[in-house]
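# Architecture and fold: a report
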Amino acid sequence: MGESIGQILSLAVGVALSPFPIIGVVLMLGTPRARSDGPAFVMGWVLGLAVVGTIVLLASGGADASDEGQPADWVSVLHLVLGVLLLWEAVRQWRGRPRGTEEVELPKWMRAVDSFTPVKAGALGIALSALNPKNLLLVIAAAGAIAQTGTSAGTQAAALAVFVVIATLGTGTPVVLYFALKERSKHILDDLKLWMGRNNAAIVSVICLVIAAKLVGDAVSGLSS
């Protein structure tokens, strides 16, 4: 399983460092339903990652992602396509970053978190983990990387579980701080929210650029071997 973890570690960190979902869960922790909405959001986040990852693993297994211990050509092509898409996302985010004293435009759903029920919070967690373009590309890349190792189904499932755990650290940590520190966590979480909101575009751009370079490099290496 060590090979799989090495392949997915950077991808999992890329998912974990998702500014808007982290800001969203911090906002929920400031509402009257914090004790239910925060955990519900994280559970939805985990479910979204697990479902997409499992689907890709099953599809990759049926399509023979591993060819005598080496990635199949179609996996390398997939990595190349994902790398290009992430590069495009990096450019898009960078061009849309706030300049000077320009205010950061936050998603409309953030203004409605006070009225969220646990069901809505969970559904939002699923959407932001599984349907957000950056995260979707990273989950597909991670599941493909796990499948290409050609290990047993149990080992691949364990590797996917590790990916999900690491990818949940970003949204899960504020919830843990909230329950562990209670009122003392407010200052920490408020500072985190402001910093990530201001630097969202730059964070996402750097993550996408670094991982795009990795995926393109893996693809070129796989297709030339």
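Above this note sits the structure.
## Section: the overall build of the protein
Check the secondary structure of the protein and you find 10 helices and 2 strands. Within the span of the protein, comprising 225 residues, buried residues form 44% of the whole. A separation threshold of at least 6 residues defines the contact pool for the protein, and within that pool the share at least 24 residues apart is 85%. Per element, the accessible surface of the protein, about 11100 Å² overall, is 67% carbon and sulfur.

## Focus on the side chain of S18
As for its placement among the helices and strands, S18 is situated in the loop between α1 (2-16) and α2 (19-28). Under the relative-accessibility criterion, S18 is labelled buried at 3%. From its side chain, S18 meets the backbone oxygen of V15 in a polar contact 2.5 Å long. Residues in contact with S18, not counting those within four places in the same chain, are W45, K134 and N135.

## Focus: the environment of P19
The residue P19 is located in helix α2 in this model. As a C-alpha pair, P19 and T171 span 152 residues in sequence and 9.0 Å in three-dimensional space. If we ignore the near neighbours within four places in the chain, the residues touching P19 are M196, N200, I203 and V204.

## What to know about the environment of S60
Mapping S60 onto the fold places it in helix α3 (residues 34-62). Judged by relative accessible area, S60 falls into the buried class, the value being 2%. Counting along the chain gives 83 residues from S60 to A143, while the straight-line C-alpha distance between them is 8.2 Å.

## A word on the packing of aromatic side chains
Within the structure shown, the criterion is met by 2 aromatic pairs. An angle of 90° between the planes, with centres 5.2 Å apart, marks the rings of Y178 and F179 as edge-to-face.

## Brief notes about the pattern of salt bridges
The tally for this structure, following the rule as stated, stands at 3 salt bridges. Note that K186 and D190 form a salt bridge whose closest N and O atoms lie 3.0 Å from each other. Linking K186 with D190, this pair stays in helix α9 (residues 185-198), spanning 4 residues, or about one helical turn. Note on D190: relative accessible area 25%, which makes it partly exposed. For K193, the salt bridge goes to D190, with nearest N and O atoms at 4.0 Å. Here K193 pairs with D190, and both are found in helix α9, just 3 residues apart, close to one helical turn.

The rules behind these values
Residues numbered from 1 in each chain as written. Predicted model: local features only at pLDDT ≥ 70, side-chain atom pairs only at ≥ 80, totals over all residues. Heavy atoms only, no water. Helix = DSSP H or I, 4+ residues; strand = E, 2+ residues; numbered from the N terminus. Buried < 20%, exposed > 50% of the residue type's maximum accessible area, 1.4 Å probe, protein only. Contact = heavy atoms within 4.5 Å. Areas by Shrake-Rupley, 256 points an atom, 1.4 Å probe, with all protein chains shown as cover. Polar contact = N/O pair within 3.5 Å; in protein donor to acceptor, adjacent residues only side chain to side chain. Phe/Tyr/Trp six-rings, centres within 6.5 Å; stacked < 30°, edge-to-face > 60°. Salt bridge = Lys/Arg side-chain N within 4 Å of Asp/Glu carboxyl O.

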